[in-house]
Every structure is written in C-alpha cells, then in structure tokens.
Amino acid sequence: MGTSLVKFSRDTARDVKQVARGWRWGRRPQVPRSA
C-alpha cells in the first residue's frame, strides 16, 4: 500500500505540472478551430 501510494502521488504531481504548464493562465479558454 505504501509504495503504491507514493507512486500515485508522484504520478499525480507530474500530471498537475503538465496541466499547469499547458494551461492558459488568466485567459479565456481557447476555442478549437474545428468548433
């Protein structure tokens, strides 16, 4: 349990960093061209 919890938190932190890097902070959401 302990090791899987560490792995889970590590993966989650990486995902959060990726989202934060790709996020357009302070701007309205970008509409896809296909829309």
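Please refer to the structure higher up on the page.
Below is a short write-up of the structure. Being a predicted model, the structure only gives us computed values, none of them experimental.

1. A closer look at the pattern of salt bridges
And step 1. Summed over the entire model, instances satisfying the criterion amount to two salt bridges.
And step 2. When the shortest N-O distance is used, the salt bridge between D11 and K7 registers 3.0 Å. Of this pair, D11 and K7 both sit in helix 1 (residues 2-22), four residues apart, roughly one helical turn.
And step 3. Note on D11: relative accessible area 23%, which makes it partly exposed.
And step 4. The partner of D11 in a salt bridge is R14, with the nearest N and O atoms 3.7 Å apart. Within this pair, D11 and its partner R14 are both found in helix 1, separated by three residues, close to a single helical turn.
And step 5. Salt bridges here are not isolated pairs; linked through shared partners, they connect K7, D11 and R14.

The rules behind the values
Residues numbered from 1 in each chain as written. Predicted model: local features only at pLDDT ≥ 70, side-chain atom pairs only at ≥ 80, totals over all residues. Heavy atoms only, no water. Salt bridge = Lys/Arg side-chain N within 4 Å of Asp/Glu carboxyl O. Helix = DSSP H or I, 4+ residues; strand = E, 2+ residues; numbered from the N terminus. Buried < 20%, exposed > 50% of the residue type's maximum accessible area, 1.4 Å probe, protein only.

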